[in-house]
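For reference, the chains in residue letters:
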Amino acid sequence: MNYFSSKKPYIIAGPCSAEDALQLATVSEAFTQLPIDMLRAGVWKPRSKPGHFEGRGEDALKWLNDIRTAYALPICIEVANKEQVELALQYNIDAVWIGARSTVNPFIVQEIADALKGTKLGVLIKNPINPDIELWSGALERILHAGIENIAAIHRGFSSYDSLSKYRNKPNWAIPIELKRRYKEVPIFCDASHICGNRTLIPFVAQRALDLDFDGLMIETHPNPDNALSDAQQQLTPDQLGQLLSSLIIRTPIDDCSQEEIEQIRQILDSMDAEVVDLLGKRMELVEKLGRIKGDNNMPIYQADRWREIIDTRSQWGLKNGLDAEFISKLFELIHDKSIKTQIDLLNTIAVNKQA
Ligand code: PEP
Ligand code: MN
């Protein structure tokens, strides 16, 4: 049985970096009053630029081993190569996480997977920094193939060049949801701290994750966040963590008597969706017919005025039906892109056939 599925939500908390023995003892003492399942602490810190705090290394492993015994608290750390896995084993660490900067690199993930073979370490796999589900699922498969039983994925958001974003790493929720669909047996946790990059947004992101049926949370917690040696803006105090955990709404179905009603509504939705797809097919047939006429009359396929009219009218129809304009314009952007592509492909085929 995968211990990461033993409790829902499974809560991992602790400092971004293990800084000294007192810091670790202070959070662990506070955690005795909170429902914390595992302590996290970075021992080697991957920093974007040199010259910043890079972690306490082996000293931190000694402190963590002591904490593990004193507080009976399972410990997880980040590893980024084979030597770090071996040191984790030497100091009785319970689980390791593969950081976002390692998941992007199949060589590193394979090296870690090989080092993990035959061990009892739990493994948490963070998403890669770029929004690429294949890299994330590839890393998961390398670890599964190594025979690891205690495995979970961690969603920590995706890097982007958008300086106006309210997130440090954008959540792109569709990606972890797709991962969950592909790997039903692998629990998925949300690292709200690295998604947000600041304290204020964390409760909102953590709640969103639970509403999306995530299996657990990873929250960075430090006795004195403002003076933390890494990620100072996003760490909570143990008190703030306690408040967050007690304010979360955990959605567990009360009973199954509403199941029948849900099934009925789903059946109606299924038939509505079938109608929508049917209409899209018919729409596409007309689009092809239109493409042929444009081709015969030597007209350009894309006409900006028509496109503007589509967006304006459809958004207004949407508003009348209680649908927001952004949703409708995105939907029609997708439909229009496909229509244009279909017409271009059609005209190219006609041109090639004429030449032949
Ligand atoms: C961390 O958990 O402190 C960390 C460095 O995470 P990530 O790999 O998500 O950036
Ligand atoms: Mn961090």
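Model, not experiment: these values are computed from the prediction.

Participant: Would you explain the site of ligand 1 in this entry?
Facilitator: Taken together, the neighbourhood of ligand 1 is formed by C16, R40, K45, E78, W97, G99, A100, R101, K126, R156, H194 and E220. Contact distances for ligand 1 include 2.6 Å between an oxygen atom and a side-chain N or O atom of R156. One of the side-chain N or O atoms of H194 is found 3.3 Å from an oxygen atom in ligand 1. The protein chains hide 97% of the 290 Å² of surface that ligand 1 would expose on its own.

Participant: Would you mind showing me how to read the domain arrangement of the protein here?
Facilitator: Many analyses report the size of an interface as the accessible area lost when the parts associate. On domain assignment, one finds that the protein holds domain 1 (3-247) and domain 2 (256-355). Summarising the inter-unit geometry, the C-alpha centres of domain 1 and domain 2 are found 42 Å apart.

Participant: When you look at the sheet that holds strand 1 (residues 10-14) in this model, what are you seeing that I'm missing?
Facilitator: Pairing between the strands of a sheet is mediated by backbone hydrogen bonds and can be parallel or antiparallel. Spatial strand order, 1-2-3-4-5-6-7-8: eight strands in a closed barrel with parallel pairing. Taking the axes of each pair of neighbouring strands and ignoring which way they run, one obtains an average angle of 30° across the sheet. Relative to strand 8 (residues 216-220), strand 1 is paired through five bridges, and the arrangement is parallel. Counterpart to A13 in the pairing with strand 8 is I219.

Participant: What exactly am I supposed to notice about helix 11 (residues 259-296) here?
Facilitator: Note: α-helices contain 3.6 residues per turn, so residues at a spacing of three or four share the same orientation. Between its first and last C-alpha, helix 11 extends 55 Å over 38 residues, near the 56 Å set by a 1.5 Å rise per residue. For helix 11, the full list of buried residues reads M284, V287, G291 and K294.

Participant: What am I meant to see in the packing of aromatic side chains here?
Facilitator: Two aromatic rings, taken as a pair, are described by how far apart their centres are and by the angle between their planes. Evaluation of the coordinates by the stated rule reveals six aromatic pairs. Here W136 and F158 contribute two aromatic rings whose centre-to-centre distance is 6.5 Å and whose plane-to-plane angle is 75°, an arrangement assigned as edge-to-face. Pair noted here: W136 is in helix 6 (residues 133-145) and F158 is in the loop between strand 6 (151-155) and helix 7 (174-182), with a separation of 22 residues, a long-range link. Like F158, W136 is buried. Here a set of aromatic residues connected by ring pairs shows up, and it is made of Y3, F4, Y10 and F189. Cation over ring: R314 sits above F332, and NZ or CZ is 5.8 Å from the ring centre.

Participant: What exactly am I supposed to notice about unusual backbone geometry here?
Facilitator: Comment: phi is negative for the bulk of residues other than glycine, and the bulk of peptide bonds are trans. The omega angle of the peptide bond from K8 to P9 is -5°, so this bond is cis rather than trans. Position of P9 among the secondary structure elements: in the segment before strand 1. Not every positive phi belongs to a glycine, and N172 is a case in point at roughly 40°. Here N172 shows up in the loop between strand 6 and helix 7. For N172, a relative accessible area of 33% corresponds to the partly exposed category.

Participant: What's the story with the coordination of the manganese ion (ligand 2) in this structure? I'm lost.
Facilitator: Four donors placed tetrahedrally around a metal ideally meet at 109.5 degrees, and six donors placed octahedrally ideally meet at 90 or 180 degrees. Protein ligation of the manganese ion (ligand 2) involves C16 (SG), H194 (NE2), E220 (OE) and D231 (OD), the donor distances falling in the range 2.1 to 2.4 Å. Along the chain, the residues that donate to the manganese ion (ligand 2) are spaced as C-x177-H-x25-E-x10-D. Separated by 215 residues along the polypeptide, C16 in the loop between strand 1 and helix 1 (21-31) and D231 in the loop between strand 8 and helix 10 (238-247) bring together distant segments of the chain. Overall, C16 belongs to the buried group, its relative accessible area being 2%.

Participant: Before we go on, may I ask you to explain the packing of helix 5 (residues 106-116) against helix 6 in this structure?
Facilitator: Geometrically, a packed helix pair is captured by the angle between its two axes and the distance between the axes. With their axes 9 Å apart at the nearest point, helix 5 and helix 6 run at an angle of 20° to one another. One way to sum up the angle between helix 5 and helix 6 is to call them roughly parallel. Where helix 5 crosses over helix 6, the handedness of that crossing is right-handed. Counted together, P106, V109, Q110, A113 and L116 of helix 5 and L135, A139, R142 and I143 of helix 6 form the full contact between these two elements. When the residues that make up the contact of helix 5 with helix 6 are grouped by side-chain class, the tally is seven nonpolar, one polar and one charged.

Parameters and conventions
- Residues numbered from 1 in each chain as written.
- Chains lettered and ligands numbered in written order.
- Predicted model: local features only at pLDDT ≥ 70, side-chain atom pairs only at ≥ 80, totals over all residues.
- Heavy atoms only, no water.
- Near = heavy atom within 4 Å.
- Polar contact = N/O pair within 3.5 Å; in protein donor to acceptor, adjacent residues only side chain to side chain.
- Areas by Shrake-Rupley, 256 points an atom, 1.4 Å probe, with all protein chains shown as cover.
- Domains from an automatic or database assignment.
- Pairing = 2+ DSSP bridges.
- Helix = DSSP H or I, 4+ residues; strand = E, 2+ residues; numbered from the N terminus.
- Axes fitted to C-alpha atoms, helices over the stretch in contact; angles between N-to-C directions.
- Expected span 1.5 Å × (residues − 1).
- Buried < 20%, exposed > 50% of the residue type's maximum accessible area, 1.4 Å probe, protein only.
- Phe/Tyr/Trp six-rings, centres within 6.5 Å; stacked < 30°, edge-to-face > 60°.
- Lys NZ or Arg CZ within 6 Å of the ring centre and 35° of its normal.
- Donors = N, O, S within 2.8 Å, 3.2 Å for Na, K, Ca; no water.
- Parallel < 35°, antiparallel > 145°, perpendicular 65-115°, else oblique.
- Left-handed = near helix turned anticlockwise from the far one by under 90°.
- Contact = heavy atoms within 4.5 Å.
- Nonpolar A, V, L, I, M, F, W, Y, C, P; charged D, E, K, R; others polar.

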